[in-house]
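For reference, the chains in residue letters:
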Amino acid sequence: MPPRVPNRAAIKAKYHGQKITFVGDSVGNGHVRDLALAKRFTKDTGIKVTVVPHPAASDQSYAQLARAFSSKSSSIDVAMIDVVWPGAFAPYLVNLKPKLAKQAKLHLASIVANDTIGGKLVAMPWFGDYGILYYRTDLLKKYGYTAPPKTWTQLFQMAKKIQDGEKKSNSNFAGFVFQGNAYEGLTCDALEWIASAGGGHYIDGGKVTIDNAKARTILDAFRTQIGKITPQGVTTYQEDQTEHAFDNGDAAFARNWPYQYGIGAGAGSKVAGKFGVTVLPHGAAGGSVGTVGGWQLAVSKFSKHKNAAIEFVRYMTSPGVEKFDAISNSNVPTIVSVAKNKAVVKTNPYLKPAIASVPRVTRPAKFLGTHYNEASKVIYQGVNQILTGTPASRVLPQIKSRLQQILNSK
Ligand code: GLC
């Protein structure tokens with residue numbers, strides 16, 4: 001059950017009857033959670049909240065918000081914004097510092113810093129994210145493995161052996177699934193492959209570094225697995241398709257964000273009790289990493305009900321709601337005390353230090369500001385081209401020169 005709104009009487013007295021629109025989640029059970037929380041908030045405060053799910057692909061929801069902001073539309077009051085957007089959207093967002101600075105102190109300082117632009121707190125951390133590996137414990141055992149893979153090469157070998165066996169009874173079975181579609185998720189996945197192979201982070205220290213031998217090798221290694229241990233269709237998969245394949249019992253390994261844990265362990269999953277999570281594998285010359293993802297809540301400068309909107313954000317980013325979201329939806333809390341809470345850790349084993357302390361890698365948003373989305377598109381389209389058959393040596397020089405142009409145009 002969603003928690004009650006802590007300061008409900010005071011909010012009701014001031015803002016009762018106002019109407020706000022929240023552009024929220026659409027991946028996994030995110031929309032169901034948003035509706036339940038909005039309903040509780042309305043009941044307690046009398047502020048009516050219309051919840052509109054954003055497009056599932058992060059880059060598409062970016063484009064939709066960018067259009068609304070540039071036309072100064074008052075149709076959006078609160079929006080869920082990706083961890084890579086605060087720099088780009090800051091001019092359109094309300095500074096939440098005067099009202100929410102105290103609550104912000106409860107949240108991880110690094111995310112609060114990410115959401116602070118030019119001294120203004122333009123968004124409040126809502127939930128975090130990092131890439132993890134899901135693996136079938138029952139199948140590892142069945143095929144003689146005692147532990148999940150440590151390197152990508154091991155993962156490819158194990159995936160092949162398990163797939164060869166399982167395909168006999170399930171023609172849909174795949175060794176490994178991930179987010180291979182040409183969209184923001186692929187920028188996240190490929191960052192993990194490349195960084196975990198010692199190939200950098202696309203742009204390092206303001207310089208484009210993507211066209212290097214280690215990046216080429218790992219990207220080509222993934223390319224040659226398409227259609228072998230992954231279905232051809234993985235090049236169109238986003239998060240939901242990945243989760244469906246794994247939770248339907250059709251994959252041995254999956255890369256996804258923590259939200260998949262709760263769905264996999266829940267009613268309706270075919271793999272409940274049969275899977276584990278761990279850090280992602282790494283390349284020959286690197287170590288395991290996880291891409292930093294996550295979502296913030298922001299209030300639009302064009303909102304006609306800014307105060308009511310801020311109270312909604314206060315509620316949604318409160319310890320009670322983060323605990324509820326972590327336990328019912330397995331989303332990563334950004335409030336330090338909630339992430340350590342025993343009940344939260346019990347339902348979310350990816351919060352155990354051995355997994356949660358994996359080095360995090362970030363997308364190059366800080367070098368790109370308002371050009372991030374454009375640059376990420378160059379990256380994910382290029383990587384998707386590699387996955388669909390073009391050797392990395394032909395694609396990486398093009399990505400490099402286009403990223404260079406974007407950096408120069410700033
Ligand atoms: C998750 C992450 C977000 C990322 C997106 C890509 O939602 O939290 O940061 O951009 O996946 O698909």
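Residues numbered from 1 in each chain as written. Predicted model: local features only at pLDDT ≥ 70, side-chain atom pairs only at ≥ 80, totals over all residues. Heavy atoms only, no water.

Description of the sheet that holds strand β11 (residues 251–256)
In step 1: The strand order across the open sheet formed by four strands is β8-β11-β7-β12, and the pairing between neighbours is mixed. For this open sheet the edge positions go to β8 (174–177) and β12 (275–278), each flanked by a neighbour on one side alone. Between one strand axis and the next, the sheet turns through 15° on average, direction left out of account.
In step 2: Pairing between strand β7 (residues 132–136) and β11: four bridges, direction antiparallel. Residue pairing across strands places Y135 opposite F253, the latter belonging to β11. (Pairing = 2+ DSSP bridges. Helix = DSSP H or I, 4+ residues; strand = E, 2+ residues; numbered from the N terminus. Axes fitted to C-alpha atoms, helices over the stretch in contact; angles between N-to-C directions.)

Focus: the domain arrangement of the protein
In step 1: Looking at the protein, the domain boundaries give domain 1 (8–129 + 293–353) and domain 2 (132–291 + 360–408).
In step 2: Taking only C-alpha atoms into account, the centre of domain 1 sits 28 Å from that of domain 2.
In step 3: Across the boundary between the two partners, domain 1 contributes 22 residues, which contact 22 residues of domain 2.
In step 4: In total, about 1,800 Å² of surface goes out of reach between domain 1 and domain 2, with carbon and sulfur atoms giving 60% of it.
In step 5: Counting the surface domain 1 buries against domain 2, the share from its top three residues, D59, V84 and D129, is 30%.
In step 6: Where domain 1 touches domain 2, the interface holds one salt bridge. (Domains from an automatic or database assignment. Contact = heavy atoms within 4.5 Å. Buried area = accessible area lost by both parts, 1.4 Å probe. Salt bridge = Lys/Arg side-chain N within 4 Å of Asp/Glu carboxyl O.)

Details of the packing of helix α10 (residues 213–225) against helix α19 (residues 372–387)
In step 1: Where α10 meets α19, the closest approach of the two axes is 8 Å, and the angle between their N-to-C directions is 50°. Taken together, the axis directions place α10 and α19 in an arrangement best described as oblique. Of the residues in α19, those touching α10 at L219, D220, F222 and R223 are V383, I386 and L387.
In step 2: Taken together, the residues that form the contact of α10 with α19 break down as five nonpolar, no polar and two charged. (Parallel < 35°, antiparallel > 145°, perpendicular 65-115°, else oblique. Nonpolar A, V, L, I, M, F, W, Y, C, P; charged D, E, K, R; others polar.)

Concerning the site of the ligand
In step 1: D82, D129, E239, G294 and R363 are the nearest of the 13 residues found near the ligand.
In step 2: In this structure, E239 approaches the ligand through a side-chain N or O atom, which is 2.6 Å from an oxygen atom.
In step 3: Contact between the ligand and R363: an oxygen atom at 2.8 Å from a side-chain N or O atom of the residue.
In step 4: In isolation the ligand exposes 310 Å². Once the protein is present, 93% of that is buried.
In step 5: Among the elements that make up the shell around the ligand, the one with the highest residue count is strand β13 (residues 290–299) (three residues).
In step 6: Here the residues of the shell around the ligand are counted per class, giving four nonpolar, four polar and five charged.
In step 7: Here the shell around the ligand gathers at least three residues from each of two domains, domain 1 (8–129 + 293–353) and domain 2 (132–291 + 360–408). (Near = heavy atom within 4 Å. Polar contact = N/O pair within 3.5 Å; in protein donor to acceptor, adjacent residues only side chain to side chain. Areas by Shrake-Rupley, 256 points an atom, 1.4 Å probe, with all protein chains shown as cover.)

What about the nonpolar core?
General note: in soluble globular proteins, nonpolar side chains tend to be found buried as a group.
In step 1: One finds F22, F176, W193, F222, F253, Y350 and L403 to be the most contacted residues of the largest nonpolar core, which totals 131 residues.
In step 2: Here the element with the most residues in this core is α19; it accounts for eight residues.
In step 3: Taken domain by domain, the makeup of this core includes at least three residues from each of domain 1 (8–129 + 293–353) and domain 2 (132–291 + 360–408).
In step 4: Residues V27, C188, W257 and I263 belong to the second largest nonpolar core, which totals five residues. (Core = buried A, V, L, I, M, F, W, Y, C linked by side-chain atoms within 4.5 Å. Buried < 20%, exposed > 50% of the residue type's maximum accessible area, 1.4 Å probe, protein only.)

Some remarks on the packing of α10 against helix α20 (residues 392–408)
In step 1: Between α10 and α20, whose axes approach to 10 Å, the crossing angle comes to 125°. Taken as axis vectors, α10 and α20 run oblique relative to one another. Two packed elements cross with a definite hand, and for α10 against α20 that hand is right-handed. Residues A215, R216, L219, D220 and R223 of α10 form the contact with α20, whose participating residues are A392, S393 and L396.
In step 2: Taken together, the residues that form the contact of α10 with α20 break down as four nonpolar, one polar and three charged. (Left-handed = near helix turned anticlockwise from the far one by under 90°.)

Digging into the side chain of D115
In step 1: Examined against the element boundaries, D115 turns out to sit in the loop between α6 (109–114) and β4 (116–117).
In step 2: It turns out D115 is buried and unbridged, and the closest side chain with the opposite charge, R363, is 11 Å from it.
In step 3: Discounting residues that sit within four places of it in the chain, D115 has contacts with P86, K120, L121, V122, A123, M124, P125 and Q296. (Lys, Arg positive; Asp, Glu negative; His and termini not counted.)

Observations concerning helix α3 (residues 58–70)
In step 1: For α3, spanning 13 residues, the distance from its first C-alpha to its last is 18 Å, which sits close to the expected 18 Å at 1.5 Å a residue.
In step 2: Of the positions making up α3, those classed as buried are S58, D59, S61, Y62, L65, A68 and F69.
In step 3: Looking at the residues trailing α3, positive phi occurs at K72, about 55°. (Expected span 1.5 Å × (residues − 1).)

Focus: the pairing of β13
Working note: regular strand, side chains alternate between the two faces of the sheet.
In step 1: Where burial is concerned, most of β13 is hidden: nine out of the 10 residues are buried.
In step 2: Across five bridges, strand β3 (residues 78–82) lies against β13 in antiparallel orientation. From the neighbouring strand, V78 faces β13, where its bridge partner is V299.
In step 3: Pairing geometry for β13 and strand β14 (residues 360–361), over two bridges, is parallel. Residue pairing across strands places G290 opposite R360, the latter belonging to β14.

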